[in-house]
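Commentary on secondary and tertiary structure
Given next are the chains, with one letter for each unit.
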Amino acid sequence: MTEQIKVNGQFELPVPTGDILRAVIVDVDIEPPNGSVLIYGMTSPSEMTPIQIDGSQKDIKLPFINGNIAITHLGKVTKCSVITKGFVDNVRRL
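Worth saying up front: this structure is predicted, and the values here are computed from it rather than measured.

1. A closer look at the sheet that holds strand 3 (residues 36-44)
Here 4 strands make up an open sheet; going across it, the order is 1-6-3-4 and the pairing antiparallel. Either end of the sheet is taken by a strand with one partner, and the two such strands are strand 1 (9-12) and strand 4 (47-54). In this sheet, adjacent strand axes meet at a mean angle of 30° when their direction is disregarded. Where strand 3 and strand 4 come together, 8 bridges link them in antiparallel fashion. By the bridge assignment, glycine 41 is partnered in strand 4 with threonine 49.

2. Looking at the sheet that holds strand 5 (residues 57-62)
Taken together, the 3 strands give an open sheet; going across it, the order is 5-2-7, and neighbouring strands pair in antiparallel fashion. Each end of this open sheet is capped by a strand with a single partner; those strands are strand 5 and strand 7 (79-89). For this sheet, the mean angle separating the axes of adjacent strands, direction not counted, is 25°. Sheet analysis places strand 2 (residues 21-31) next to strand 7, joined by 10 bridges and oriented antiparallel. Counted as the bridge partner of leucine 21 is aspartate 89 from strand 7.

Criteria and cut-off values
Residues numbered from 1 in each chain as written. Predicted model: local features only at pLDDT ≥ 70, side-chain atom pairs only at ≥ 80, totals over all residues. Heavy atoms only, no water. Pairing = 2+ DSSP bridges. Helix = DSSP H or I, 4+ residues; strand = E, 2+ residues; numbered from the N terminus. Axes fitted to C-alpha atoms, helices over the stretch in contact; angles between N-to-C directions.

And the structure:
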């Protein structure tokens, strides 16, 4: 039997679509400040991976190939916001 993951929200971050990215760069604001969340995203076309974020942080490079994420609050988190700062493209442009 597969265990259900409790998700507090699913979002699409504003990044380019159609290309596979190397990373999405974000700021994460968590209430209370010592709270933690899991941010799930696709690390390959067939694999979703959770990244644990402890406390509010800036300029986090999430190794996700697109902007589709899901968030699970850990403990007594009351709020979590994720703001896209940029991305790392998978192809080198000249």
